[in-house]
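Secondary and tertiary structure notes
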Amino acid sequence: MNSEQLLVEQILAGDKAAFERLVSQYQRLVSHIVARIVGSEGDFEDICQDVFFKVYKSLKSFQFECKLSSWIGRIAHNTSLNHVARKRPASFSDLSEEEYGADSYADSQPGPIEMAEQADVANRLKAEIRCLPQAYRTALTLYHLEEMSYIEISEIMSLPINTVKSHIFRARRMLKDKLLAVYRREDLCA
Amino acid sequence: MRIKHLTDEELQTYLSGDLACEPEKIEAHLEICDDCRNALEEYRFIFGAIETEPVRELSPDFAARVADKVWAAEVEPDRARATLWTVLSVVSAAAIVVMFLMNGWSLWPAGGAVSGTAMMQKYFGWVKSFAESFGSIESGSTYLIVGALIAGFYGLLDKLVERLPIRNH
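Attention here is on the structure that accompanies the text. Everything numeric in this text was worked out from a predicted model, so none of it was measured.

Some remarks on the overall build of chain B
Across its full length, chain B holds six helices and zero strands. N-terminal to C-terminal, the α/β element order of chain B is α-α-α-α-α-α. Out of the 169 residues belonging to chain B, those deemed buried represent 14%. The long-range share in chain B, meaning contacts at least 24 apart out of those at least 6 apart in sequence, stands at 57%.

Below, the structure written as structure tokens:
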């Protein structure tokens, strides 16, 4: 029995401390996914909590067909998408590049970018990441900040591996193009 | 001769450390191509900037608070229900044992073999007479009481089976 199975067995046997360990272990992953899809304001912490309620309720049915992190990530991903769908109609950042066209991205109206108080490159990049289509943003975050493999990301987002790769490649290219439209190459590579 | 530049995908794959992009070929090209070297540096900046991007963290006591809430909402009510059910099951089982000790001996065939149907008739007759021993209680209610006792007994059996070391996985 590996450590994940042991942890799950302990929780199912009624060990509260084991559940607290599970939450501690995966709260960073959950918060990254929720923050990327829902944003880190308002209901952020409530949604993260809701994710762990669902994790507990579904734990009995977890069959270890994938890693526990992928399974919890998928619950966080679906919960966040449901929350967004309930809260508001799809905004441009929820759509894929194909759905709204790369040009409309370039012509986007005042938004988070203009709200960035300092116009330095790092802030600009942060704002540009927030403007990426939601699926690109999520895949990029899981790859770079959670250091997940394409397979794990595809399990979490329920997308084919090639689609995940394509989202990540396109997201990076969009970020590069957007920054180079504003800054000189020397500013980026100084 | 026109140089074939590296694609965005090749540059990104190279920076990711993915050996599928054949790093030696990429490096050989980078040696001779300023454009691709510049593009690589731009991507290097993007990679570094994404990886240092801060994301909001949850409060330090988040895990403890969530565990408390989940336990209060999901586990403790279940435990209370399970305890009540166990008590009821034990009481029911004890009542059935008492019933059997008082009247059950009469089920035993007195002389020779008895058919299954006759045994069942005798059994239900015994249950009915026990129920009627409650005296003033309406006959419909007596059957309900006996039904509840039997259900409780099966509840106890269910609990015992649950404790057997059988796993689905």
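With respect to the interface of chain A and chain B
Counting residues at the interface gives 37 residues for chain A, matched by 28 residues for chain B. A total of nine residues in the side of chain A that touches chain B trace back to one element, the largest contributor, which is helix α2 (residues 16-37) of chain A. Tallied by class, the residues present in the side of chain A that touches chain B amount to 19 nonpolar, nine polar and nine charged.

A word on the packing of helix α4 (residues 68-87) of chain A against helix α10 (residues 150-157) of chain A
Residue and element names in this part refer to chain A. α10 packs onto α4 with a crossing angle of 40 degrees between their chain directions and a minimal axis gap of 7 Å. Relative to α10, the element α4 lies oblique. Regarding α4 and α10, the two cross each other, and that crossing is right-handed. Residues Ser69, Ser70, Gly73, Arg74 and His77 of α4 touch α10, and the partners they reach there are Glu152, Glu155, Ile156 and Met157.

Cut-offs and rules
Residues numbered from 1 in each chain as written. Chains lettered and ligands numbered in written order. Predicted model: local features only at pLDDT ≥ 70, side-chain atom pairs only at ≥ 80, totals over all residues. Helix = DSSP H or I, 4+ residues; strand = E, 2+ residues; numbered from the N terminus. Buried ≥ 20, exposed ≤ 12 C-beta atoms within 10 Å, placed from the backbone. Contact = placed C-beta atoms within 7 Å. Nonpolar A, V, L, I, M, F, W, Y, C, P; charged D, E, K, R; others polar. Axes fitted to C-alpha atoms, helices over the stretch in contact; angles between N-to-C directions. Parallel < 35°, antiparallel > 145°, perpendicular 65-115°, else oblique. Left-handed = near helix turned anticlockwise from the far one by under 90°.

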